[in-house]
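# Observations on chain architecture
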Amino acid sequence: MPNESGAGAEIDERWLDESSDEELVDTFLASSKNDRQAAHLCFERIIGRYQWLINHIVRNSRFRFPAWDSADDVISRAIFKVYRGLAQWRKEGKLSSFIARITTSEMIDTIRRVGRDKSWDPRPVSDPDSDEPTAVDRAPSREASPEARAVSTQQREIIDQLLTDVCRDWKDSVIVNEYIVGERGAKEISEKYDMSEDLVYQRARRLRVRLLKWLAERGITSAQALLSSRPGSMRS
Amino acid sequence: MEVGDLVARKSAHPEKLFEYLRGESDGPSSQVIDEHLSTCDDCRAIVALTRALKHGPERSGFSLEPARTHPDVSEIASFFYGKSARPRGAATAAHVASCRSCAQELAEYASAERSAAEYSPSHSLAAEVPAAAWELIRDWEESSFAQQKTATYAVSQEMIAKLTQLLVQRREELEVSRREAVTHPESGSERAALVPVIVVDRSGSLRGVEMFERATDAMGADVLKYTGEPERFDRKPFHALLDFGDSNRVVVSDLILRDEIRLPRVERADTEPREADYFIVED
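All of these numbers come straight from a predicted model, not from anything done at the bench.

Of regular secondary structure, chain B possesses 9 helices and 7 strands. Taking all 283 residues of chain B together, 24% fall into the buried category.

What follows concerns the overall build of chain A. A count of helices and strands for chain A gives 11 helices and 0 strands. Shown N-terminal to C-terminal, the secondary structure of chain A runs as helices and strands in the order α-α-α-α-α-α-α-α-α-α-α. Residues classed as buried in chain A amount to 41% of the 236 residues present. Considering only contacts within chain A whose residues lie at least 6 apart along the sequence, 59% involve residues at least 24 apart.

Turning to the interface of chain B and chain A, a few remarks are in order. The interface is formed by 69 residues belonging to chain B together with 77 residues belonging to chain A. Elements with a minimum of two residues in the side of chain B that touches chain A: helix H1 (3–8), helix H2 (17–21), helix H4 (41–60), helix H5 (73–80), helix H6 (86–97), helix H7 (100–118) and helix H8 (131–142) of chain B. Per-element accounting of the side of chain B that touches chain A gives the leading share, 14 residues, to H7 of chain B. For the side of chain B that touches chain A, the residue count by class is 43 nonpolar, 13 polar and 13 charged.

Before going further, it helps to spend a moment on the pairing of strand S3 (residues 222–226) of chain B. Residues and elements named next belong to chain B. Two strands pair when backbone bridges link them, and strand S2 (residues 206–216) and S3 are joined in this way by 5 bridges, in the antiparallel orientation. In the strand pairing of S3, Glu-213 is matched with Lys-225. As judged from the 3 bridges shared by S3 and strand S6 (residues 260–262), these two strands associate in the antiparallel manner. Counterpart to Lys-225 in the pairing with S6 is Glu-260.

Let's shift gears to the packing of helix H7 (residues 146–166) of chain A against helix H10 (residues 197–217) of chain A. All names here are of chain A. Close contact between H7 and H10 brings their axes to 10 Å; oriented N to C, the two are set at 125°. Taken as axis vectors, H7 and H10 run oblique relative to one another. Crossing angle aside, the handedness with which H7 passes H10 is right-handed. Facing H7, whose interface residues are Leu-162, Asp-165 and Val-166, H10 presents Leu-207, Arg-210, Leu-211 and Trp-214. In the contact of H7 with H10, the residues fall into 5 nonpolar, no polar and 2 charged.

Below, the discussion takes up the packing of helix H8 (residues 170–181) of chain A against H10 of chain A. All names here are of chain A. Packing of H8 against H10 leaves a shortest axis separation of 10 Å and a crossing angle of 90°. Viewed along their axes, H8 and H10 adopt a mutual orientation that is roughly perpendicular. Residue-level contacts link Lys-171, Asp-172, Ile-175, Val-176, Tyr-179 and Ile-180 of H8 to Val-200, Arg-203, Ala-204 and Leu-207 of H10. In terms of residue class, the contact of H8 with H10 is made up of 7 nonpolar, no polar and 3 charged.

The next subject is the environment of Leu-194 of chain B. Position of Leu-194 of chain B relative to the elements: it lies in strand S1 (residues 194–201). Through-space distance from the C-alpha of Leu-194 of chain B to that of Ala-215 of chain B is 9.3 Å; in sequence the pair is 21 residues apart.

All names here are of chain B. Of the residues making up H5, those classed as buried are Ile-76, Ala-77, Phe-79 and Phe-80. Across the axial projection of H5, the buried residues extend over an arc of 160°, all falling on one side. Just downstream of H5 lies Gly-82, where phi reads positive at about 75°.

Moving on, we come to the sheet that holds strand S5 (residues 250–255) of chain B. All names here are of chain B. If you trace the 7 strands from one edge of the open sheet to the other, you get S5-S4-S7-S1-S2-S3-S6, paired in mixed fashion. Looking at strand neighbours, the two that pair on one side only are S5 and S6, the edges of this open sheet. Each strand axis lies, on average, 30° off the axis of its neighbour in the sheet, ignoring direction. Bridge count for strand S4 (residues 237–243) against strand S7 (residues 275–282) is 6 bridges, and the pairing is antiparallel.

All names here are of chain B. For S1 and S2, the ladder comprises 7 bridges, and the chain directions are antiparallel. Bridged to Val-199 within S2 is Gly-208. In sequence, S1 turns back onto S2 through a hairpin of 4 residues, with Gly-204 there showing a positive phi of about 90°.

Residue and element names in this part refer to chain B. In this fold, Leu-174 is placed in helix H9 (residues 157–182). In this structure, the C-alpha to C-alpha distance between Leu-174 and Val-195, residues 21 residues apart in sequence, is 9.8 Å. Sequence-distant contacts of Leu-174, defined by excluding residues within four places in its chain, comprise Pro-196 and Val-209.

What follows deals with unusual backbone geometry. You will see that Asp-194 of chain A, though not glycine, has its phi angle at about 55°, which is positive. With respect to the element layout, Asp-194 of chain A can be found in the loop between helix H9 (186–193) and H10.

By size, the foremost hydrophobic cluster in this structure holds 88 residues, and its most contacted members are Cys-42, Ile-54, Ile-79, Ile-99 and Leu-163 of chain A together with Leu-106 of chain B. Among residues more than four places away in sequence, those in contact with Ile-54 of chain A are Ile-75, Ala-78, Ile-79, Ile-99 and Thr-103 of chain A. Ranked by size, the runner-up nonpolar core spans 17 residues in total, among them Ile-198, Phe-233, Leu-241 and Tyr-278 of chain B.

In regions of low pLDDT, the predicted coordinates are not meant to be interpreted in detail. Residue and element names in this part refer to chain B. Mean pLDDT for chain B: 76, with 72% of residues reaching 70 or above. Per-residue pLDDT, averaged within each element of chain B, yields its smallest value for H1 (48) and its largest for H7 (94). Listed scores for the predicted complex are pTM 0.65 and ipTM 0.83.

Criteria and thresholds
Residues numbered from 1 in each chain as written. Chains lettered and ligands numbered in written order. Predicted model: local features only at pLDDT ≥ 70, side-chain atom pairs only at ≥ 80, totals over all residues. Helix = DSSP H or I, 4+ residues; strand = E, 2+ residues; numbered from the N terminus. Buried ≥ 20, exposed ≤ 12 C-beta atoms within 10 Å, placed from the backbone. Contact = placed C-beta atoms within 7 Å. Nonpolar A, V, L, I, M, F, W, Y, C, P; charged D, E, K, R; others polar. Pairing = 2+ DSSP bridges. Axes fitted to C-alpha atoms, helices over the stretch in contact; angles between N-to-C directions. Parallel < 35°, antiparallel > 145°, perpendicular 65-115°, else oblique. Left-handed = near helix turned anticlockwise from the far one by under 90°. Arc of directions from axis to C-beta. Core = buried A, V, L, I, M, F, W, Y, C linked by C-beta atoms within 7 Å. pLDDT = per-residue confidence, 0-100.

Shown next as C-alpha cells:
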C-alpha cells in the first residue's frame, strides 16, 4: 500500500489488484516526479486493465494502416499518449472513455498523416516499366477557370452558412451528410454512429423544419435563388 | 411568406420529404407529396437544394467547391464529445455535414465510445506495455518536456477564471490608475509608458496595482521594469493573460529578474492579442 504522498510508495501486487482506477492514477501522478519505478508499476497496471480496449479500437477500426505505420505502432503511440496525458483526466468521466478518446485521436492522426504521404499507394502496381499512360495520365484536367472557381467558392460559402445554422451538433451533421445528402439508410447510420434508428428519423424531421425556417427567413424559394445569393446576405 | 405563417403551416408540409427524395415512399404517399410540391415553394426549395447537394454538378448545374481544410483532430474530438466552443464548433458542424472523411472519423469516435462504455476491465490483468511504448515514454521522461512546472510557477484554470472576473470588475479603475500614472502629477507632462500590473494573493484576491515602465532591452526586446522598491518582486512569477478574442485566454509566465521582465511574445497565425493583462501572484 502506498503512503499518503504516493512518492516512495511500497506498491505490492495486492494493492495494484485492489486499487480503483482513481487510486492508481493518483499514485501514478504523485510518484512520477520522485519515484519513477512506482509510477511505471501503476501505469503498467492501468494499461493491463485497458490494453484490450486500446487493441480493440485500433484493430477493429475501418482504417487500414500501411506496413510502415502498423496497428502495433499506433497502439504504442496511443499508450505513450495515455502516459503523457493522464494528468489531464479530470475523473468526470470513465477512464475507459478518456483512453478511448486518446486512442481514436492517435489513430485518426495516423491515417491523416498516411493520407498526406504521397508515397503511399494502396493500389497494386501493374508494371512500373510499362510505357502505357497511367489512369492519372489519361484523366482529363479538372482545373476550372478562375470565374468558375469564384462561383464555386461563393456557393460553398452559402452552403456552409446554411449548414452552420441548421446543424446543432455532430448527430445533425452526420444525418445531413449520410441520410439527407448521402444514400445510407437509417438502420445503417444507427449502427455506424451508435444512435437509435428513431433518432435518425426524428433528427431528419427537425432538420427539415429548420431548413424550411432558414429558407423562409431569407425569402428563398429555390436552390437557384439560394446559390446565386451573396454569402453576406445569408447570415442570420 | 412570414416565418409565423411557416410555423402555422408546418403540419401541412410532408414529414417524410427526405424519405420521398430517397425513393422510400410508397405509391399513395408519393402522390400526396407530389401534389404538395406542386403548390409549396418552400418544400420545392428544399427538394431542389437537396438534389443539388446529392447529385453534384453534373445533374444540378451547381458546382460546390469541396471543403479543403479539415478541422484538427482535436476539434473533431471536441465536436463529438460536445465541448467545442460555439463559433469553432459551428464551423466544424458545417464541415462534417459535407465531408465524408470527417464523418467517418466521427463514426470512429462513436464506435470507440460505445466500446469504452461497455468495457469492464479486470483489475488483476498483468501488464504488457509494448517495448516501443516504453521507448517513447523513456525518451520523453528524459527530455525537459516531462519536467513539471513548480507549484508557484503554474497558474490553475480556477485562478485564470478569478483573474478574468477581477479584470472585468476593475477594468475602469485600472484604466484610471494607468492614466494618472502616465501623467506627471506636478507638470502634467507625459511620463514614460507605464503598464499596470495586478498583484493578487494565492486565492486570487486583489492586493494592489503596481506600475511597470515599458522599455526596450539591449537585445531589442520589449521589457517591463519595476521602478519602485528594488527587488521587491525579484524571482516572482509574472503572468501575461492574452486575449485573442476566442473563448480561451492564453497565459504566458516567466520570472521577474532584477526588477525586469521580458514581455512574452505569442504568435498565432494571422492574429494578434486584442488585449494583454499582466499580473503577479504573491504569497
